[in-house]
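# Coordinate inspection notes
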Amino acid sequence: MNKESSNIRIIDIAEMAGVSVGTVDRVIHNRGRVSEENEKKVKAILEKANYQPI
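Residues numbered from 1 in each chain as written. Predicted model: local features only at pLDDT ≥ 70, side-chain atom pairs only at ≥ 80, totals over all residues. Heavy atoms only, no water.

Right, let's get into the packing of helix α2 (residues 10-17) against helix α3 (residues 21-29). With their axes 8 Å apart at the nearest point, α2 and α3 run at an angle of 105° to one another. For the element pair α2 / α3, the angle class is roughly perpendicular. Residues I10, I11, I13 and A14 of α2 form the contact with α3, whose participating residues are V21, V24 and I28. Its residues assigned to classes, the contact of α2 with α3 shows seven nonpolar, no polar and no charged. (Axes fitted to C-alpha atoms, helices over the stretch in contact; angles between N-to-C directions. Helix = DSSP H or I, 4+ residues; strand = E, 2+ residues; numbered from the N terminus. Parallel < 35°, antiparallel > 145°, perpendicular 65-115°, else oblique. Contact = heavy atoms within 4.5 Å. Nonpolar A, V, L, I, M, F, W, Y, C, P; charged D, E, K, R; others polar.)

Taken as a whole, α3 has its buried residues at T23, V24, V27 and I28. Along the axis of α3, the buried positions cluster into a sector of 135°, meaning they face one direction only. On its buried face, α3 is in contact with α2 and α4 (36-49). Where α3 ends, the next residue or the one after it, N30, has phi of about 50°, a positive value. (Buried < 20%, exposed > 50% of the residue type's maximum accessible area, 1.4 Å probe, protein only. Arc of directions from axis to C-beta.)

Written out as structure tokens, the structure is:
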């Protein structure tokens, strides 16, 4: 895991995407309902940050 991904938090991703922490959690764990637009925004940030849930 690179240094950048180890330092990013769900709250940081939520702020960057302009969504709630709950929305980020639902996208990461593929549960609940999330709009397609928000899902795309969150996934793009997760990919760019090389985020890997622990």
